[in-house]
Amino acid sequence: MANIKSAKKRILVNETKALRNKAIKSKVKTVIKKVDAAVAAGDKDLAKTSLLTAISEIDKATSKGVYHKNTASRKVSRLSKAVNTIA
């Protein structure tokens, strides 16, 4: 355990930020699963609406610094590709 006050504060702040990031990542994973489930079911309308929600959540996570912009771009690209493959 740290002895210096600033180091103790850093530990607390890092824990808070880690919990925040974990919640945001969890939400992104959930919306991605919804898109994947819609794609697997072949429901094009649900997949498209879920895709818009997923893109929004991914962009929010990126703007908050949870994901790197290239990671976000890759996730959006893969989801879009999956939705577009539905006949």
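Our structure's up above, just so we're on the same page.
On a predicted model such as this, the values are computed, not experimentally measured, just so you know.

1. Remarks on the overall build of the protein chain
And then number 1: When helices and strands are counted, the protein chain shows three helices and zero strands.
And then number 2: Listed by position from the N terminus, the elements making up the protein chain come as α-α-α.
And then number 3: Here the protein chain has a C-alpha radius of gyration of 17 Å; the compact-globule value for 87 residues is 12 Å, and the former is much larger.
And then number 4: Taken over 87 residues, the protein chain has a buried fraction of 25%.
And then number 5: Considering only contacts within the protein chain whose residues lie at least 6 apart along the sequence, 60% involve residues at least 24 apart.
And then number 6: Per element, the accessible surface of the protein chain, about 6300 Å² overall, is 56% carbon and sulfur.

2. A word on the pattern of salt bridges
And then number 1: Counted under the stated rule, the structure contains two salt bridges.
And then number 2: A salt bridge links Glu57 to Lys27; its shortest N-O distance comes to 3.9 Å. Here Glu57, found in helix α2 (residues 44-63), pairs with Lys27, found in helix α1 (residues 5-41); they are 30 residues apart in sequence, far enough to count as distant.
And then number 3: A salt bridge links Glu57 to Lys60, with the nearest nitrogen and oxygen atoms 3.8 Å apart. You can see Glu57 and its partner Lys60 sitting in helix α2, three residues apart, about one turn around the helix.
And then number 4: The exposure class of Glu57 is buried, given its relative accessible area of 14%.
And then number 5: Ionic contacts of the salt-bridge type, sharing partners, join the residues Lys27, Glu57 and Lys60 into one network.

The rules we used
Residues numbered from 1 in each chain as written. Predicted model: local features only at pLDDT ≥ 70, side-chain atom pairs only at ≥ 80, totals over all residues. Heavy atoms only, no water. Helix = DSSP H or I, 4+ residues; strand = E, 2+ residues; numbered from the N terminus. Rg over C-alpha atoms; globule rule 2.2 N^0.38 Å. Buried < 20%, exposed > 50% of the residue type's maximum accessible area, 1.4 Å probe, protein only. Contact = heavy atoms within 4.5 Å. Areas by Shrake-Rupley, 256 points an atom, 1.4 Å probe, with all protein chains shown as cover. Salt bridge = Lys/Arg side-chain N within 4 Å of Asp/Glu carboxyl O.

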